[in-house]
Structure formats: C-alpha cells, structure tokens
Amino acid sequence: MSRIGFKVINVPDSVTVTKEGNVITVKGPKGELSREFSPKITFEQKDGEITVSRSSENDKALHGTSRANLASMIEGVVDGYKKNLKLIGVGYRAQAQGNKLVLNVGYSHPVEFETPEGITVKTPSAVDIEIEGISKQVVGQFAAEVRAVRPPEPYKGKGIRYVDEYVRRKEGKTGK
C-alpha cells in the first residue's frame, strides 16, 4: 500500500503557501499557482513543512493525490517543468512564432497551436521543441497534444516523440 499521502512536504524559504477555505495558493520565484482541493483533506503548515491528512479511511487515493498535487505546485514555482519533443521524418519542421507553434509534419497544411497562458515554447532547431512552464499539468497536457498530431509509428519510427521515449520497432512485410 502506498504511503505517499503521509510524506511531509518541505517548503523552501522563497515560497509562500496561503490557504483560503479549500483553495491553496503557492507563490514562488517563477510565478503563482492556485488550486482548489477537496474539503475531505486538511493541510497543516508548521516550521516550513506541510503535512496532509484525510478525514476518513475511504479517502486514501484522494489523500495521496492531493499531497502529490501540492508538492508539484511547490516544485513548479521554484524550478518549473520542461518537456522536450523531437520530430523524426524527412521534411518535418517546427517553428515557434510568438505565442504560436507551427508544425509541418507531412500533412497538406501546417498545423498551428496556440500556446496556453504560462507556457513558453522554444524551437532551438527545426526538429526540436522545448515546452516550459510552472504547472506540471499544463506542460504535460500541451506536450501530449503536440505529440498527438503525429505520434511515432513503429515501422520507420517517423513522428513526434519525447526525447527520452523509446519506440519499439516492428519488422515490415517481407517480399517473395
């Protein structure tokens, strides 16, 4: 059984955590995040540490999830989150234009994405995409949406993939 909910969250000196009702706001050097938590979960802050507790034994999953979400918020405002994508395929290109990401990935038209608020997208080269932000959920969701435009296929390996992703390759058809 997991004990994640009982782990203590250490709050750095550069971060302030405030609670108003069920809404917790975390302010740090990179920005500010707010989130509404369940009233079944209680947060207690003492001496730069936050402990999370639940009201009943039926809320075990909610307990661990709430603790992980708060820890991710604190890590995000201190360090931020980053996802790197790579385009693999002949003629595949990515270009960041202001608050848009334009992808040429083998379709008859370029695919354009509006970057969400709080996210910065960089394209250091034509085939690399860097997505950065303070919210782990927003960074991961945007990276997944970009990847879903052309997921990697198993025969030639073409598509958009995470830099650390392994694509299992298949053998193609054999001729006579």
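Residues numbered from 1 in each chain as written. Predicted model: local features only at pLDDT ≥ 70, side-chain atom pairs only at ≥ 80, totals over all residues. Heavy atoms only, no water.

A word on the pairing of strand E3 (residues 23-28). Relative to E3, strand E2 (residues 16-20) runs antiparallel, the two sharing five bridges. For Val-17, the partnering residue across the bridge sits in E3 and is Val-26. The turn joining E2 and E3, which pair antiparallel and follow one another in sequence, is formed by two residues; a positive phi near 70 degrees is taken by Gly-21. Note: E3 against strand E4 (residues 31-36), six bridges, orientation antiparallel. Directly across from Val-23, in E4, lies its bridge partner Glu-36. Counting the residues that bridge the hairpin from E3 to E4 gives two residues. (Pairing = 2+ DSSP bridges. Helix = DSSP H or I, 4+ residues; strand = E, 2+ residues; numbered from the N terminus.)

As a further point, take the pattern of salt bridges. A complete count under the given rule lists 10 salt bridges for this structure. Close ionic contact of Arg-54 with Glu-57 constitutes a salt bridge, the shortest N to O distance being 3.3 Å. We classify Glu-57 as exposed; its relative accessible area is 54%. One salt bridge connects Lys-82 with Glu-130, and the closest N-O pair in it is separated by 3.9 Å. Remark: Glu-130 occurs in strand E12 (residues 128-133) and Lys-82 occurs in strand E7 (residues 81-88); sequence separation between them is 48 residues. Residue classification places Lys-82 among the partly exposed positions, given a relative accessible area of 47%. (Salt bridge = Lys/Arg side-chain N within 4 Å of Asp/Glu carboxyl O. Buried < 20%, exposed > 50% of the residue type's maximum accessible area, 1.4 Å probe, protein only.)

What UniProt calls "domain: Large ribosomal subunit protein uL6 alpha-beta" (unreviewed entry) maps, in this numbering, to residues 11-80 and 88-162. With 27% helix and 41% strand, residues 11-80 has end C-alpha atoms that lie 15 Å from one another. The span residues 88-162 is 17% helix and 39% strand, and its two end C-alpha atoms sit 11 Å from each other. (UniProt positions renumbered as here; feature names shortened; annotations may be inferred.)

Now for the sheet that holds strand E10 (residues 111-114). Taken in spatial order, the three strands make up an open sheet running E8-E9-E10, and their pairing is antiparallel. Whereas interior strands pair on both sides, the edge strands pair on one side only; in this sheet they are strand E8 (93-97) and E10. In this sheet, adjacent strand axes meet at a mean angle of 20 degrees when their direction is disregarded. With four bridges joining them, strand E9 (residues 100-104) and E10 adopt antiparallel strand pairing. Each residue of the ladder has a partner; that of Lys-100, found in E10, is Glu-114. (Axes fitted to C-alpha atoms, helices over the stretch in contact; angles between N-to-C directions.)

Let us look at the packing of aromatic side chains. Under the counting rule described, the total for this entry stands at two aromatic pairs. Pairing Phe-113 with Phe-142 gives two aromatic rings, centres 5.9 Å apart and planes at 80 degrees, and the pair type is edge-to-face. Here Phe-113 is found in strand E10, whereas its partner Phe-142 is found in helix H2 (residues 136-148), with 29 residues between them in sequence. Accessibility classification places Phe-113 together with Phe-142 in one group, the buried group. The ring of Tyr-162 has Lys-83 lying over it, and the distance from NZ or CZ to the ring centre is 5.3 Å. It is Arg-150 that lies over the ring of Tyr-107; its NZ or CZ is 4.3 Å from the centre. (Phe/Tyr/Trp six-rings, centres within 6.5 Å; stacked < 30°, edge-to-face > 60°. Lys NZ or Arg CZ within 6 Å of the ring centre and 35° of its normal.)

Working note: α-helix, 3.6 residues per turn, so residues spaced by three or four point in the same direction. Across its 13 residues, H2 extends 18 Å between first and last C-alpha, which sits within 8% of the 18 Å expected from 1.5 Å per residue. Taken together, the buried positions of H2 are occupied by Val-139, Phe-142, Ala-143 and Val-146. Viewed along the axis of H2, the buried residues span an arc of 100 degrees, placing them on a single side of the element. Exposed positions of H2 whose direction lies more than 90 degrees from the buried face are Gln-137 and Ala-148. (Expected span 1.5 Å × (residues − 1). Arc of directions from axis to C-beta.)

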